[in-house]
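Structural overview for review
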Amino acid sequence: MNALDLYNSRIKNLILFGGFITILVSGVWGSHYLVTGSPFLFTINSLSIIAGIALVVLALRGRLRTAAIIMAHALTVTVAASCLPDVPTADIQRSVHMNLLPVGAASFLVFHREGFYLRAALPGAIVLIFLAFALNLVPLPWPGLTAPPTGRAAGVWINYVTGTVGASVVIAIMQTSMSARRTLENDLRQAIARGQFYLHYQPQVDASGRITGAEALLRWQHPARGNISPLEFIPLAEETGLIVPIGNWVLREACAQLAAWAKAPETEPLSLAVNVSASQFRQPDFVQQVKSILSLSGARPSRLKLELTESVLADDVEDIAARMQSLKDLGIRWSLDDFGTGYSSLASLKQFPLDQIKIDRSFVQDFLTDRHSKAIIDTIIQLSRDLGFSLLAEGVETEAQFVALNAAGCVAYQGYFFGRPGEIGALESLLESFRPAAAEKPVSRARPVSVQTALPSP
Ligand code: C2E
Ligand code: CA
Ligand code: CA
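Residues numbered from 1 in each chain as written. Chains lettered and ligands numbered in written order. Predicted model: local features only at pLDDT ≥ 70, side-chain atom pairs only at ≥ 80, totals over all residues. Heavy atoms only, no water.

Next up on the list: the site of ligand 1. Near ligand 1 lie 22 residues; those nearest to it are Arg219, Asp337, Arg361, Glu397 and Tyr416. The separation between an oxygen atom of ligand 1 and a polar side-chain atom of Glu215 is 3.2 Å. Take Asn275: an N or O atom from its side chain is 3.1 Å from an oxygen atom of ligand 1. In isolation ligand 1 has 810 Å² of accessible area, and contact with the protein removes 86% of it. Those elements giving two or more residues to the shell around ligand 1 turn out to be strand E2 (211-222), helix H7 (230-240), strand E6 (333-339) and helix H12 (361-366). If you tally residues by element for the shell around ligand 1, the top one is E2, at 4 residues. For the shell around ligand 1, the class distribution of residues is 9 nonpolar, 6 polar and 7 charged. (Near = heavy atom within 4 Å. Polar contact = N/O pair within 3.5 Å; in protein donor to acceptor, adjacent residues only side chain to side chain. Areas by Shrake-Rupley, 256 points an atom, 1.4 Å probe, with all protein chains shown as cover. Helix = DSSP H or I, 4+ residues; strand = E, 2+ residues; numbered from the N terminus. Nonpolar A, V, L, I, M, F, W, Y, C, P; charged D, E, K, R; others polar.)

Examined against the element boundaries, Ala322 turns out to sit in helix H11 (residues 317-328). Residues Ala322 and Phe352, spaced 30 residues apart in sequence, show a C-alpha to C-alpha distance of 8.5 Å.

What follows deals with the pairing of strand E4 (residues 271-275). Judged by how many residues are buried, E4 sits mostly within the fold: 4 of 5 residues are covered. Sheet topology places E2 next to E4; 4 bridges connect them, and they run parallel. By the bridge assignment for E4, Gly213 is matched with Ser271. Where E4 meets strand E5 (residues 304-309), 4 bridges bridge the pair, whose relative direction is parallel. In the sheet register, Leu272 faces E5, and the bridge partner there is Leu304. (Buried < 20%, exposed > 50% of the residue type's maximum accessible area, 1.4 Å probe, protein only. Pairing = 2+ DSSP bridges.)

Averaged over the protein, the pLDDT score is 88; the fraction of residues at 70 or greater is 92%. Within the protein, the element-level pLDDT minimum falls on helix H16 (residues 450-454), averaging 37, and the maximum on E4, averaging 98. This model gives residues 437-443 a pLDDT under 50, and the stretch forms 10 contacts once residues within four places in sequence are excluded. Long-range and interchain partners of residues 448-458, a stretch whose pLDDT sits below 50, account for 14 contacts in this model, where long-range means more than four residues apart. (pLDDT = per-residue confidence, 0-100. Contact = heavy atoms within 4.5 Å.)

In structure tokens form, the structure reads like this:
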């Protein structure tokens, strides 16, 4: 199980724990207030039970973030409302507010990667509400609302137990995932120096199936855990800022490869696409870094393609376009990754000096079976022609997909059908094995025979 799965399973356990405890505790108190005739407290506890059931259902269905957000808000409101009638007397102190402790601890630990509101404002508000009740700063409610005296002495004891034990369980559940994350972060910090990163290359082909270049995909060989997917460590690298040295390492490796290819006429025309993550692109000296890596390596800028995702383009349009343009002036090309998964429209992309758009593989996979995906791809192909972007379909896995996309007018491809990401040697032998005997073509075809015969004539 990877660290992300471990983290999610902890959150799920936490929500299930919160949901079941809420149902149990509110069930007991709700019955108590039904018997002692306190309609306000009975209603609050009934609402808590409904929230508890919703949490369990959402957690079991895997809707963890939604469940966590509902849990934090619903429990804060219901516990705070239950605190109101908990009026202190000469012999009985306030105690219901103790149940805010596990709610606050859970919010603080679960939302540490979220935006300001969930990460800081919400846990902060819970702490303030807790203090307001603990220090008796809340005005007393109207007399009819005060909780009935029966059972209140036992209630104090119960609330202290549920509050402190609940908070301890929350911390214990979350602690394991935090420490797994911290270990991964430390390992990531040392991975460059220890030479644990390497690149895989996945071929990119043109409409006739000929290899025109590759995408460089980062791999991390962890000494104890084996290969760790970039889907797991890139988000962590982004959060910790480690993406900057890691991204520079990828660029240096890719440029060194381009410089090596430039030495042979058969490989000289090949291009290499490199993924640039959002936080890497936002670094103030990103443009300068790319320029210096390029000039030190000796690679030709026109062979380098940088891939951005739509999220990068959401900020300050002028600044982003200017940064892109200054690298484009050197000859570097820009490609937009995973197109269709974000919110940008093709027309809005006209503001950026993009050269290529990569249609996300989710559309490609459904292209033959789902008419909506087909309509989306047809529209993207048409509009990209009008706007002057070249188009690459990602994740092509079958010949049927390739043939159909070709017929629709797509001009470049990448996917398992043409080659999986692999060592540089694998890519070069793919080039080698399909190289025509008479060197009339500078680069080779990934799928020379079967696909060629299936293609419509140009
Ligand atoms: P991506 O840029 O969309 O890369 C393509 C991913 O799709 C790769 O996964 C590749 O192995 C996979 N793929 C390629 N063809 C097919 C196919 O036909 N079918 C299917 N099902 N999958 C296919 P990978 O290598 O695990 O990379 C995942 C993501 O990690 C990349 O998605 C990219 O966002 C990120 N990444 C990888 N290397 C780097 C890097 O050097 N820097 C940054 N910032 N991100 C990187
Ligand atoms: Ca990519
Ligand atoms: Ca992609």
